[in-house]
Amino acid sequence: MRPSRTFRLVPALLLPLVAFPASEAGAQNFFEELFGIGKAAKPPVPPRGVPPAGAPQPGTLLPPGAAGDAAPEVPKAAPAPLRPVVLKTPSDDNILGQELLLNGLTGSLKIDKAGSAATARITLPGTKISQPSETCKVPLSGGSPISLSSEGRPQGVARYEIAGGECPIRLEVLESSILVTPLGGSRVCSFASADCATTPSGLWGPAAATLIPRSTEFDSGRGVADKAVRDNYKVMTQRARGQDVRTIVTEQAAFSSDREQTCRTYAREGAHGFCNVRFTEARALSLAARLGANTSTPTASTTPRPRKAKPTVEGTNPDSDGSPFGE
């Protein structure tokens, strides 16, 4: 019997199956390649170092604005010039009628005003010329008021002078104090008739007993004043040229030494820090004035910020230390 056409096609259909891989993974790869979803569907990856199709060849000059050009660098703006820091300037009236003591210990200095005229009563403490181990006191002008000449605010604070008389001195009004410096070449004023040698220079202020309860306030103010001094020196350094920078650095070092020398004799300075903060504030204002700042408009304050009260938590005793049930 002659075989039908159907049986003739069977061997042709079985040939691919004979070559079909036996494993399951091989079967999956076979069908992926057969239907174009395997490796055949992925474009060939060019070898490393060969640019992709359409990319410019190395060494080809690109037209301006073409892709791949580096963006032009934007020039950096010059840093803004630093500005002086101005602390609150002490009012002339803040010391009127108060009796101030040299280093918070001895002597007496009291300034009063009648209209625009200012006068002072000053008693200088010292030691006897004949017996240096003994103390003495000399009232200037016999205890009568002495007229003060106003010199304006050349260093940011009010300045007065007693140019003539037995002991020429300069008085600069700080907060609750007066900084006194001699006008002559000597720091000592001698009074032969009273057998007394006095040294009026230093900070005249309140007694230590009234300052200790305010030590926290002075500590906070000292931090602000120190920063103002440093910032103002930075402004001076930025504006200086050449060798002037060295002079500024030397001046800053001298300020620290002068402050130590002035304040180390103030009564119980280590317990309150009053002299240090007042001396530093004066320095900051002096630098601001030299830098041309308007010292009547403060840009920083040494007044301590009030502390925020802790919220009361339910279940705690508000009069206790905050622990539950007042434990």
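This paragraph deals with the nonpolar core. Ranked by size, the top nonpolar core spans 30 residues in total, and within it L203 and Y233 carry the most contacts. Taken together, the elements giving at least two residues each to this core come down to helix 4 (215-239), helix 5 (244-263) and helix 7 (274-290). The biggest single contributor to this core is helix 7, with nine residues. The residues contacting Y233, other than those within four sequence positions of it, are I248, E251, Q252, F255, R283 and L287. Counting 27 residues, the second-largest nonpolar core is a separate cluster that includes I111, C136, I169 and C189.

The pairing of strand 2 (residues 106-114) with strand 3 (residues 117-128) spans seven bridges and is classified as antiparallel. In the strand pairing of strand 3, I111 is matched with A120. Hairpin connection of strand 2 to strand 3: two residues between the antiparallel strands, including G115 at a positive phi of 75°. Relative to strand 5 (residues 146-150), strand 3 is paired through three bridges, and the arrangement is antiparallel. Directly across from A120, in strand 5, lies its bridge partner I146. In textbook terms, the turn of a hairpin is the stretch between consecutive antiparallel strands, and for strand 3 and strand 4 (residues 135-139) this stretch comprises six residues. For strand 3 and strand 10 (residues 196-198), the ladder comprises three bridges, and the chain directions are antiparallel. The residue of strand 10 that forms the bridge with G126 is T198.

As a further point, take the packing of aromatic side chains. The relative placement of two aromatic rings is captured by the distance of their centres and the angle of their planes. As enumerated under the stated definition, the model contains three aromatic pairs in all. For the ring pair F218 and F274, a centre distance of 5.4 Å and an interplane angle of 70° mean the geometry is edge-to-face. With F218 in helix 4 and F274 in helix 7, this residue pair connects regions lying 56 residues apart in the sequence. Here F274 falls in the buried class, since its relative accessible area comes to 0%. Ring plane angle 15° and centroid distance 6.0 Å describe the contact between F255 and F279, whose orientation is recorded as stacked. Separated by 24 residues along the polypeptide, F255 in helix 5 and F279 in helix 7 bring together distant segments of the chain. In this structure, F255 and F279 share a single accessibility class: buried.

The next thing to look at is the state of the cysteines. Enumeration according to the criterion identifies three disulfides in this entry. Two residues share a disulfide in this structure: C167 and C189, whose sulfurs sit 1.9 Å from each other. Of note, the bridge from C167 to C189 carries an S-S torsion of about 70° and is right-handed in sense. With C167 in the loop between strand 6 (159-162) and strand 7 (169-174) and C189 in strand 9 (residues 189-191), the pair connects residues that are 22 residues apart, well separated along the chain. The pair C167 / C189 is uniform in exposure class, with both members buried. At a sulfur-sulfur separation of 2.1 Å, the disulfide partner of C263 is C275.

What counts, and where the lines are drawn
Residues numbered from 1 in each chain as written. Predicted model: local features only at pLDDT ≥ 70, side-chain atom pairs only at ≥ 80, totals over all residues. Heavy atoms only, no water. Core = buried A, V, L, I, M, F, W, Y, C linked by side-chain atoms within 4.5 Å. Buried < 20%, exposed > 50% of the residue type's maximum accessible area, 1.4 Å probe, protein only. Helix = DSSP H or I, 4+ residues; strand = E, 2+ residues; numbered from the N terminus. Contact = heavy atoms within 4.5 Å. Pairing = 2+ DSSP bridges. Phe/Tyr/Trp six-rings, centres within 6.5 Å; stacked < 30°, edge-to-face > 60°. Disulfide = S-S within 2.5 Å.

Shape is all these values report; function is a separate question.
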